[in-house]
Amino acid sequence: MSRYELKNKIGITGLGAGVWNIGPGNDPFGGPTRDPIPMLDRLPMLAEAGMSYYEAHDVEITDEMAPAAAKLARKLGMKCAMYTPSFFAAPVFKDGAMTSNDPAVRKLGMENALKAVDTTVVLGAKTMVFWNGREGFDFVLAKNGRDSFKRLVEGFNKVGHYALKNYGTKVKFAIEPKPNEPRANMYMANVGEVLYLISRLDREVQPIFGVNPETAHSRIAGLDYIWDVELCLEAGKLFHIHLNSQDGQRYDQDLPFGYTEPLKDLALLVVLQDAKYAGPVMFDVKAPRVDDPKNITDIITVSAQNLIWLWDRALKVDRSKIGQFRRENRLTALSGYLAQCLYGS
Ligand code: 3MF
Ligand code: MG
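No experiment lies behind these values; they were computed from the predicted model shown. (Residues numbered from 1 in each chain as written. Chains lettered and ligands numbered in written order. Predicted model: local features only at pLDDT ≥ 70, side-chain atom pairs only at ≥ 80, totals over all residues. Heavy atoms only, no water.)

Novice: Quick rundown of the overall build of the protein chain? Include the residues and the values.
Specialist: Each helix and strand counted, the protein chain has 11 helices and 10 strands in total. Relative to its length of 345 residues, the protein chain is compact, with a C-alpha radius of gyration of 20 Å against a globular reference of 20 Å. A principal-axis box enclosing the C-alpha atoms of the protein chain has dimensions of 60 × 45 × 45 Å. Across the 345 residues that make up the protein chain, the buried fraction comes to 52%. A separation of at least 24 residues holds for 77% of the contacts in the protein chain among residues at least 6 apart in sequence. Put simply, the protein chain shows about 15,900 Å² of open surface, and 54% of that area lies on carbon and sulfur atoms. In the protein chain, 42 positive and 41 negative side-chain charges are present, and the distance between their average locations comes to 4 Å. (Helix = DSSP H or I, 4+ residues; strand = E, 2+ residues; numbered from the N terminus. Rg over C-alpha atoms; globule rule 2.2 N^0.38 Å. Buried < 20%, exposed > 50% of the residue type's maximum accessible area, 1.4 Å probe, protein only. Contact = heavy atoms within 4.5 Å. Areas by Shrake-Rupley, 256 points an atom, 1.4 Å probe, with all protein chains shown as cover. Lys, Arg positive; Asp, Glu negative; His and termini not counted. Charge placed at Lys NZ, Arg CZ, Asp CG, Glu CD.)

Below you can see the structure in the form of structure tokens.
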């Protein structure tokens, strides 16, 4: 299959997805419904589904597997868009990594983070992501919040200085906020919090730290994803994007991009186009447990096709009309114009 490309986009035009997106279908209430596919076998499947990029956690593609993964990706004409340490799956990180109360766990988290920087370079990825995962609390006073914040600052400073010393500016970091799930309350819950954290890092490392906003994570918080993205753009910190969709404020669904709120997704793409966003546009979706093994990549192709359709429509949105509606204060009419761009012929 040919690869999906975003027309007239500056910088990265191909799309990508995580190897975890095509998992065995387990959820908190039931085990897998499909046999797990070996991680490296997922690369050709993503390529076949039209992806030019893959993404992975350190527990999926380990440091030992990295050279083989890099070789296979080259053969497939794929690249690694980002690599990320899993600070949430292993029992040892049950109460977080960087913000764990246990110094031995924090030390292990740091070792894993530095190792992941090296593996990011081996895989040829330019970005390492930190998802907040289990950095947070379920019970009040379980952690001292101010100490946790200090630990995050210290941890990211250490990782940043390590990367600068060993690799210059080859590796950048994107922190991915989420308000809750798996914890009741998560540190780095939203874009604003992440930007504040970055502003507290050492001056030298600040330029290599940015944000990876994810559609569903903003919507779970009841926040507007477009404004979250605009805020990152304003700060010069939109380093990466995780696209998907989310049906209201409930558990994290990782539904296909463009499914639940296509009009808002269209508007998002107008914003990205106007900002001349050059960075990666990646999916973080989850093959639902009801899908049969042979259709496991439907979640990827449906997301990609929706994105391409919406992207092409966004290119055709008449920006002067948006300006006119704003000047005339015809804001309902503006929403109607967007609907026409979406649904009209
Ligand atoms: C969870 C997520 C994560 C992160 C991933 C990489 C498992 O809601 O979005 O996916 O994206 O850890 O950053
Ligand atoms: Mg994500």
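Novice: Please give an account of the site of ligand 1 that cites residues and values.
Specialist: The local shell around ligand 1 holds 14 residues, among which H57, E176, E214, H217 and D284 are the closest. A distance of 2.9 Å separates an oxygen atom of ligand 1 from a polar side-chain atom of H217. At a threshold of 2 Å from the grid points, most atoms of ligand 1 map onto the largest pocket. Those elements that provide at least two residues to the shell around ligand 1 are β3 (79–84) and β4 (127–131). Its residues assigned to classes, the shell around ligand 1 shows five nonpolar, four polar and five charged. (Near = heavy atom within 4 Å. Polar contact = N/O pair within 3.5 Å; in protein donor to acceptor, adjacent residues only side chain to side chain. 1 Å grid on protein atoms, 1.4 Å probe; cavity = no way out; pocket = protein on both sides within 12 Å on 5 of 7 lines; lining within 4 Å. Sits in = over half its atoms within 2 Å of the grid points. Nonpolar A, V, L, I, M, F, W, Y, C, P; charged D, E, K, R; others polar.)

Novice: Go over the pairing of strand β6 (residues 172–176), please, and point to the residues and values.
Specialist: Of all the five residues making up β6, four are buried; the element is thus mostly covered by neighbouring parts of the structure. Sheet topology places β4 next to β6; five bridges connect them, and they run parallel. Bridge pairing in β6 links M128 to F173. With three bridges joining them, β6 and strand β8 (residues 209–211) adopt parallel strand pairing. Of the residues in β8, the one forming a bridge with A174 is G210. (Pairing = 2+ DSSP bridges.)

Nothing here speaks to function; it is all geometry.
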